[in-house]
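Structural features, examined
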Amino acid sequence: MSPTIRAPKEFWMGLLYLALGGAGILIAQHYPFGTASRMGPGYLPSLVCGLLMLFGVISLVRAVRLTGEPIGEIAFKPLFLVLLSVFAFAALSLRAGLVIAIIALVLISAAGSRYFTFSWKAMAGMLVLVAFCSLIFVRGLGVPLPLIGTWFTG
Amino acid sequence: MELFGNLALGFETALTLTNLAYCFLGVLLGTAIGVLPGLGPVATIAMLLPLTFGLPAETSLIMLAGIYYGAQYGGSTTAILVNLPGESSAVVATLDGYQMARRGRAGVALATAAIGSFVAGTIATLVIVLFAPPLAGVALEFGAAEYFSLMVLGLIASIVLAHGSLLHAFGMILIGFFLGFVGTDVNSGMQRYSFGVPELGDGLNFVIIAMGTFGLGEIIANLGTEMSRDVHAAKINNLMPSREDFRRIVKPILRGTFLGSFLGILPGGGAMLAAFATYSMEKKLSPHQAEFGHGAIEGVAAPESANNAGAQTSFIPMLTLGIPSNPVMALMIGAMIIQGIQPGPSVMTEQPSLFWGLIISMWIGNLMLLVLNLPLVGIWVKLISVPYHFLYPVILTFCCIGVFSLNNSTFDIYLMIIFGFMGYVFRKLGAEPAPMLLAFILGPMMEEYLRRALLLSHGDPAVFIFSPISGALLVVAVILLLLVLLPSIKRSRVEAFQEEA
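Being a predicted model, the structure only gives us computed values, none of them experimental.

1. Quick look at the overall build of chain B
Within chain B, the regular secondary structure consists of 22 helices and two strands. By the compact-globule yardstick of 23 Å for 501 residues, chain B fits well, its C-alpha radius of gyration being 22 Å. Dimensions of chain B, computed from C-alpha atoms along their principal axes, come out at roughly 70 × 55 × 50 Å. Expressed as a percentage of the 501 residues in chain B, the buried residues total 61%.

In structure tokens:
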């Protein structure tokens, strides 16, 4: 009987532990290991990553032995759009300025909701948010984000 | 009496106009954001933390503490009015609180929660005043080995209370340690896991991890299960509990306060455990057992008091030992480190005005909550009824600006994206991110203590067992672990968390 994965959550957690631990151990080879009384910078990272790999193996065994619930539907659209909106903010905030960055963040992330529709009320709300952030964070608290970025000011 | 001198110093610090103003602002903002469905205290504090960076250390901690109670109380308000708990400790409030609201007694439920919280807050403040100084005195005797073992105990205790699989709670701790390695190694000055990126030289910032896994991760998860959520906030007519109500809530409030205060001190304890434990205790003790689950006022009074008492007393291990017992306290420790204060027993002796000012301001903050919340409840109801799809873009905006302001660098925002992704993955795979955050904060300290202890003992690990305090702490940790592994307790633990789901 070939092993079948009956606990998918365990399986993926196992892979995650193995990947993190494996990468961590490989990189830690470049750090001096030292001895127990004089630990080098590589001592504990190797230990922790070794344990992570061990946990990975245990999880994989559990994935075959135990029966677990399915992972369930993955929210690809919100996942992608929310992360993309934050990326857009990071990329635009200095170059295009805070005003445009917030508008991009709000529009892209809002599209992740299944109740996203274009409405004037929501647009007005977005402009209030832009004004609020400009006044409180930039003017009031002195966060060094340009309202209008380098693209426009040259 | 030294105690009175200390308290006087506390009042002197807490009652300055600036500190009062920031305490008020903290409570107000904390409640305003805490009432928003789906935002718990951790996300609220992480989001508002950057606001406190420019403040003096005392003021910033006072404001953060205010945000914490505010968020906690705001969460209960939402739980009572619309049956949507913002975080796990508010789940209990939905059981009877929402039932009361459905019977037109929403106002009374809210007032009961506020009064219970205030009484609990007052008593818990006294508990802190009485117990924190002796505990800090003991902690001053601690050496590297004792600290290491204490942190081990703290982490084990936090696992015991984590949801779901024990294995993955451990796994998340390891991941937290791993993330803690990133940056410059204190002893050798060597860069670890920084991939030559200068921004990683000082290590990862815990705010980025907290906002990514708790903020972004939660938003994505909420959107995945988004339903048309008609928020029908119950009408609030009458706020004042009747004389009969008062008679019924006195004992539950006191019982809740004492159990909550005790559970809050334990490492790994805090508001959630306190609320759950008290609710089940009250259900057994109450003469109105049949009403539980159908709007028993005791079912609101006791857990609300316990959760506030637990929230307060969980400051004790944080302030005296420098050990966070839950993610909120981990954030507080992070905030202290940002302010240049090393949390631990020396805070009380070296920064007495900060220590006592914070404690007194806890009581003042609770008073403000009581005065503020009942009149403003109309505003909170309006805030609650804002649909989620209008809300989360605003939350994201605050997260982005907040993370940027940590180092005035967009690099941190990119990092937050990675942790947001990881936060969602962990959630989907049934692994709780809270132990990871604790381990991330404790990891670098533990590495320091471990190395120092082993350096002194010439590499002999027996030092951890044969030092009496350290040995005792480790024994407690092992016992805790064995208890969870015992089948009977394992089962009831599963049941306790199922009740919540």
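Past the structure itself, the notes keep going.
2. Digging into the overall build of chain A
When you go through chain A residue by residue, the secondary structure sums to six helices and zero strands. Ordered by position from N to C terminus, the α and β elements of chain A give α-α-α-α-α-α. Computed over its C-alpha atoms, the radius of gyration of chain A comes to 24 Å, more than 25% above the 15 Å expected for a compact globule of 154 residues. Expressed along its principal axes, the backbone C-alpha trace of chain A runs to roughly 60 × 45 × 25 Å.

3. Considering unusual backbone geometry
All names here are of chain B. Positive phi outside glycine occurs at Asn408, with the angle close to 50°. In this fold, Asn408 is placed in the loop between helix H17 (388-407) and helix H18 (411-428). According to the C-beta neighbour criterion, Asn408 is exposed, with 10 such atoms within 10 Å. One non-glycine residue with positive phi stands out, namely His458, at about 55°. Along the polypeptide, His458 turns up in the loop between helix H19 (434-456) and helix H20 (463-466). We classify His458 as exposed; it has 11 C-beta atoms within 10 Å.

4. Comments concerning the interface of chain A and chain B
Across the boundary between the two partners, chain A contributes 59 residues, which contact 52 residues of chain B. Class assignment of the residues belonging to the side of chain A that touches chain B gives a composition of 43 nonpolar, 12 polar and four charged.

5. Digging into the domain arrangement of chain A
According to the domain assignment, chain A contains domain 1 (8-65) and domain 2 (76-153). Taking only C-alpha atoms, the centre of domain 1 of chain A and the centre of domain 2 of chain A are 39 Å apart.

6. Describing helix H9 (residues 206-224) of chain B
Residues and elements named next belong to chain B. A rise of 1.5 Å per residue sets the reference length of H9, with its 19 residues, at 27 Å; its end C-alpha atoms lie 26 Å apart and thus fit the reference within 8%. Along its length, H9 reaches its greatest deviation from straightness, about 30°, at Gly212. Among the 19 residues in H9, 16 count as buried, and that is most of the element.

7. Thoughts on the nonpolar core
Counting residues in hydrophobic clusters, the biggest one holds 222 residues, and the most contacted among them are Val86 of chain A together with Ile45, Ala46, Phe148 and Met211 of chain B. Ranked by residues supplied to this core, first place goes to helix H6 (residues 106-140) of chain B with 18 residues. When we break this core down by domain, the ones giving at least three residues each are domain 1 (8-65) and domain 2 (76-153) of chain A. Ala46 of chain B has contacts with Val207, Ala210, Met211, Phe214, Gly215 and Leu331 of chain B, leaving out every residue within four places of it along the chain.

8. Overview of the environment of Glu448 of chain B
Position of Glu448 of chain B among the secondary structure elements: in helix H19. With 326 residues separating them along the chain, Glu448 of chain B and Thr122 of chain B place their C-alpha atoms 37 Å apart.

9. Concerning the packing of helix H3 (residues 76-92) of chain A against helix H4 (residues 98-110) of chain A
Residues and elements named next belong to chain A. Two elements in contact, H3 and H4, have axes separated by 8 Å at closest approach and are oriented at 175°. Here H4 runs roughly antiparallel to H3, going by the angle between their axes. Contacts from Leu81, Val82, Leu84, Ser85, Val86, Ala88, Phe89 and Leu92 of H3 reach H4 at Ile100, Ala101, Ala104, Leu105, Ile108 and Ser109. In terms of residue class, the contact of H3 with H4 is made up of 12 nonpolar, two polar and no charged.

10. Brief notes about the environment of Ala124 of chain B
Residue and element names in this part refer to chain B. Inspection of the secondary structure assignment puts Ala124 in helix H6. By C-beta crowding, Ala124 is classed as buried, having 31 other C-beta atoms within 10 Å. The sequence separation of Ala124 and Thr52 amounts to 72 residues, and the corresponding C-alpha distance is 25 Å. Filtering out sequence-adjacent residues up to four positions away, Ala124 remains in contact with Thr257, Ser261, Ala309, Gln312 and Thr313.

11. Some thoughts on the UniProt feature "transmembrane region" (unreviewed entry) in chain A
All names here are of chain A. The UniProt feature table records "transmembrane region" (unreviewed entry) at residues 12-31, 43-62, 74-92, 98-116 and 128-152. Here residues 12-31 is 85% helix and 0% strand, with 29 Å between the C-alpha atoms at its ends. Strand forms 0% of residues 43-62 and helix 100%; the C-alpha atoms that close the span are 29 Å apart.

12. Details of the confidence of the model for chain B
Per-residue pLDDT for chain B averages 82, and the proportion of residues at 70 or more is 91%. Here the predicted complex scores 0.84 on pTM and 0.93 on ipTM.

13. Description of helix H10 (residues 243-265) of chain B
All names here are of chain B. When the terminal C-alpha atoms of H10 are compared, their 33 Å separation across 23 residues agrees well with the 33 Å that a helix rising 1.5 Å per residue should span. Bending of H10 peaks at approximately 35° at the position of Ile249, with proline Pro252 no more than four residues after it. For H10, the full list of buried residues reads Arg248, Ile249, Pro252, Ile253, Gly256, Thr257, Leu259, Gly260, Ser261, Leu263, Gly264 and Ile265.

14. Some remarks on the UniProt feature "domain: DUF1468" (unreviewed entry) in chain A
The UniProt record marks residues 11-146 of chain A with the feature "domain: DUF1468" (unreviewed entry), using the residue numbering of this structure. Counting secondary structure, residues 11-146 of chain A comes out at 68% helix and 0% strand; the distance between its end C-alpha atoms is 46 Å.

15. A short note on the environment of Gly140 of chain A
Residue placement: Gly140 of chain A occurs in helix H5 (residues 120-140). Sequence separation of Gly140 of chain A and Leu51 of chain A is 89 residues, and the distance between their C-alpha atoms is 48 Å.

Procedures and definitions
- Per chain, the residues get numbers from 1 upward, laid out in the order the sequence is written.
- For this description, chains carry letters from A and ligands carry numbers from 1, given in the order in which they are written.
- Since the coordinates come from a predicted model, pLDDT governs what is reported: local features require at least 70, and pairs of side-chain atoms require 80 or more to be given and counted, while whole-chain, interface and lining totals use all residues.
- Starting at the N terminus, helices and strands are each numbered in turn, a helix being any DSSP run of H or I of at least four residues and a strand any DSSP run of E of at least two.
- For a compact globule the rule gives 2.2 Å times the number of residues to the power 0.38, and the radius of gyration it is set against comes from C-alpha atoms.
- In this scheme every C-beta is placed from the backbone, and a residue whose C-beta has 20 or more other C-beta atoms within 10 Å is buried, one with 12 or fewer is exposed, and one in between is partly exposed.
- In this description, any two residues whose backbone-derived C-beta atoms lie within 7 Å of each other are considered to be in contact.
- The classification used treats Ala, Val, Leu, Ile, Met, Phe, Trp, Tyr, Cys and Pro as nonpolar, Asp, Glu, Lys and Arg as charged, and all other residues, Gly among them, as polar.
- Start and end positions for the domains come from either an automated domain assignment or a database one.
- Between the first and last residue of a helix there are one fewer steps than residues, each counted as 1.5 Å, and that sum is the expected span.
- What we call the bend at a residue is the angle made by axes fitted to the seven residues finishing there and the seven residues starting there.
- The nonpolar core criterion groups buried Ala, Val, Leu, Ile, Met, Phe, Trp, Tyr and Cys residues into a set whenever they are joined through C-beta atoms within 7 Å.
- Helix axes use the C-alpha atoms of the stretch in contact, all axes being lines fitted to C-alpha atoms, and the angles between their N-to-C directions lie in the range 0 to 180 degrees.
- The labels follow the angle: roughly parallel below 35 degrees, roughly antiparallel above 145, roughly perpendicular from 65 to 115, and oblique for the rest.
- UniProt positions are given in the numbering used here, feature names are shortened, and annotations may be inferred rather than shown by experiment.
- As a per-residue measure, pLDDT reflects the predictor's confidence and takes values from 0 up to 100.

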